[in-house]
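If you want the building blocks of each chain, they are given just below.
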Amino acid sequence: MPELRRVPVNGVELNVALAGSGPAVLLLHGFPHTWEVWTDVMAGLSGRHRVIAPDLRGFGASGRAASGYDAAGLAEDAAALLAALGVSSAAVVGIDAGTAPAFLLALHRPGLVRRLVVMESLLGRLPGAEDFLADGPPWWFGFHSAAPGLAETVLEGHEDAYVDWFLNAGTLGDGVRPALRDAFVRAYTGREALRCAFSYYRALPESAAQIERAVATTRLTVPTMVLGARPVGAALERQLRPFTDDLTGHVIEDCGHIIPLHRPRALLTLLRPFLAGEDARAE
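For clarity, every value in this text was computed on a predicted model and none was experimentally measured.

J.: Any details on the overall build of the protein chain? Residues and values, ideally.
T.: In terms of helices and strands, the protein chain carries 12 helices and eight strands. Rg of the C-alpha trace for the protein chain: 17 Å, near the compact-globule value of 19 Å for 283 residues, within the 12% margin. Principal-axis analysis of the C-alpha atoms gives the protein chain an extent of 55 × 40 × 40 Å. Counting across all 283 residues of the protein chain, residues that qualify as buried make up 56%. Element-wise, carbon and sulfur atoms account for 55% of the exposed surface of the protein chain, whose accessible area totals about 11,300 Å². Seen as two clouds, the 25 positive and the 31 negative side-chain charges of the protein chain have centres 4 Å apart.

Now the structure itself:
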């Protein structure tokens, strides 16, 4: 089992899972997940890497913050976490809500981020995702970001059914192990837990503006791998390609949105050699 540690960063305490030793790998989860979405990946990487998997601010067992859920704020949390742990450089892996902060961290701090892996998300309003968005964004984006308190009021008392919907959809109906399912349900139960989770969605316009400003003046120079599944597919790769110097893209077949839980072996098959290239250069 990973070691769990409380680490204060930027005015909030993050709950952080730590495992292994070697070159650092920072894993940033999405919704409705916690660090435990990476359970199988951590086990597969910890033999060669120091794996660091926080609950994002407001999520899981991390502190409930009033603000700071925009992509740049979450990226600063990640940088502060690495500094607090004495890590001078790391590979950074993000999925869903963790993708935008992972991207901004790599874009602005290439000396800190050696390699970047992002998956199953979109980066704001950048071109390349027009086909995916042809019928509009996913329905829950509007629901979560509607009038403050509305989604919380509707869902309070029904969190288990709501989380189950995402877990089943994100694994193409296969679902996740009962212990993980129960952990995710606990993490998103209660009005305050829901408020924090939905604050990420309510910050999406600000995050999109941050991303647009960033790519207008800066290229992504670190080696980057983009992974897609269903439903995002290659849309994120198309968004990144115009301003990324070293980009590799893969779409994992027969895989739902929650890649680390639905197809962890396929994910590790791609992650290990990508990170091994990093290790070879470091030796």
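The rest of the description comes next.
J.: Account for the packing of aromatic side chains, with residues named and values stated.
T.: For the structure shown, the criterion picks out 19 aromatic pairs. Here the aromatic rings of Phe 31 and Tyr 201 are separated by 5.7 Å at their centres, their planes lie at 85°, and the arrangement is edge-to-face. Remark: Tyr 201 occurs in helix H8 (residues 191-202) and Phe 31 occurs in the loop between strand E3 (24-28) and helix H1 (39-45); sequence separation between them is 170 residues. On the basis of relative accessibility, which here comes to 6%, the residue Phe 31 falls in the buried class.

J.: How would you sum up the sheet that holds strand E2 (residues 12-19)? Please name residues and give values.
T.: The eight strands are arranged E1-E2-E4-E3-E5-E6-E7-E8 in an open sheet whose pairing can be described as mixed. Among the strands making up the open sheet, the edge pair consists of strand E1 (3-9) and strand E8 (247-256). Each strand axis lies, on average, 20° off the axis of its neighbour in the sheet, ignoring direction. The strands touched by helix H2 (residues 71-84) within the sheet are E1, E2, E3, strand E4 (50-54) and strand E5 (90-95), with E1 carrying the most contacts at an inclination of about 115°. Helix H3 (residues 99-108) contacts E3, E5 and strand E6 (113-119) of the sheet and is inclined by roughly 155° relative to E6.

J.: Give a detailed account of the environment of Glu 13, specifying residues and quantitative values.
T.: Within the element layout of this structure, Glu 13 appears in strand E2. Each C-alpha atom, one on Glu 13 and one on Leu 81, is 9.9 Å from the other, the two residues being 68 residues apart in sequence. Excluding residues within four positions of it along the chain, Glu 13 makes contact with Arg 6, Val 7, Pro 8, Ser 62 and Gly 63. At 3.2 Å, the side chain of Glu 13 and the side chain of Arg 6 are in polar contact.

J.: Any chance you could break down the pattern of salt bridges for me, citing the residues and the numbers?
T.: Here the structure, examined in full by the defined rule, presents 13 salt bridges. In this structure, Asp 164 engages Arg 181 in a salt bridge whose closest nitrogen and oxygen atoms are separated by 2.8 Å. Of this pair, Asp 164 sits in helix H6 (residues 159-169) while Arg 181 sits in helix H7 (residues 178-187), and the two are 17 residues apart along the sequence. Residue Asp 164 is classed as partly exposed on the basis of its relative accessible area of 21%. Classification of Arg 181 as partly exposed rests on a relative accessible area of 24%. Connected via shared salt-bridge partners are Asp 164, Arg 181 and Asp 182.

J.: Tell me about the environment of Val 25, residues and numbers included.
T.: Looking at where Val 25 falls in the secondary structure, it is placed in strand E3. For Val 25, a relative accessible area of 0% translates into the label buried. Residues Val 25 and Ala 91, spaced 66 residues apart in sequence, show a C-alpha to C-alpha distance of 4.7 Å. Not counting the four nearest positions on each side in its chain, Val 25 is found in contact with Leu 45, His 49, Arg 50, Val 51, Ile 52, Ala 91, Val 93 and Leu 275.

Scoring rules and cut-offs
All residue numbers here refer to positions counted from 1 along the written sequence of the relevant chain. Only residues with pLDDT of 70 or above have their local features reported here, since the model is predicted, and side-chain atom pairs are shown and tallied only from 80 upward, although totals for entire chains, interfaces and linings are computed over all residues. As a convention, hydrogens and water are excluded, and side-chain values are obtained from all of the structure's heavy atoms. Every helix listed is a DSSP run of H or I at least four residues long, and every strand listed is a run of E at least two residues long, numbered separately from the N terminus. With C-alpha atoms as the basis for the radius of gyration, the globule rule is written as 2.2 Å multiplied by the number of residues raised to the power 0.38. In this scheme, a residue with accessible area under 20% of its type's maximum is buried, one over 50% is exposed, and one in between is partly exposed, where area comes from a 1.4 Å probe on protein chains only. We get accessible surface area from the Shrake-Rupley algorithm with a probe of 1.4 Å; when it comes to residues, only the shown protein chains can shield them. In this charge count, Lys and Arg are treated as positive and Asp and Glu as negative; neither His nor the chain ends contribute. The atom standing in for a charge is NZ when the residue is Lys, CZ when it is Arg, CG when it is Asp and CD when it is Glu. Aromatic pairs are defined between Phe, Tyr and Trp rings, using the six-membered ring for Trp, whenever the two ring centres lie within 6.5 Å; interplanar angles under 30 degrees are classed as stacked, those over 60 as edge-to-face, and all others as tilted. Any two strands between which DSSP finds at least two bridges are classified as paired. The axes are straight lines fitted to the C-alpha atoms, using for helices just the contacting stretch, and the angles between their N-to-C directions are given from 0 to 180°. Throughout, a contact is declared for two residues whenever any of their heavy atoms are within 4.5 Å. N or O atoms within 3.5 Å of each other form a polar contact, as long as, within protein, one can give a hydrogen and the other can take it, and as long as residues adjacent in sequence are counted only when both atoms are side-chain atoms. Every case where a carboxyl oxygen of Asp or Glu lies within 4 Å of a side-chain nitrogen of Lys or Arg is listed as a salt bridge.

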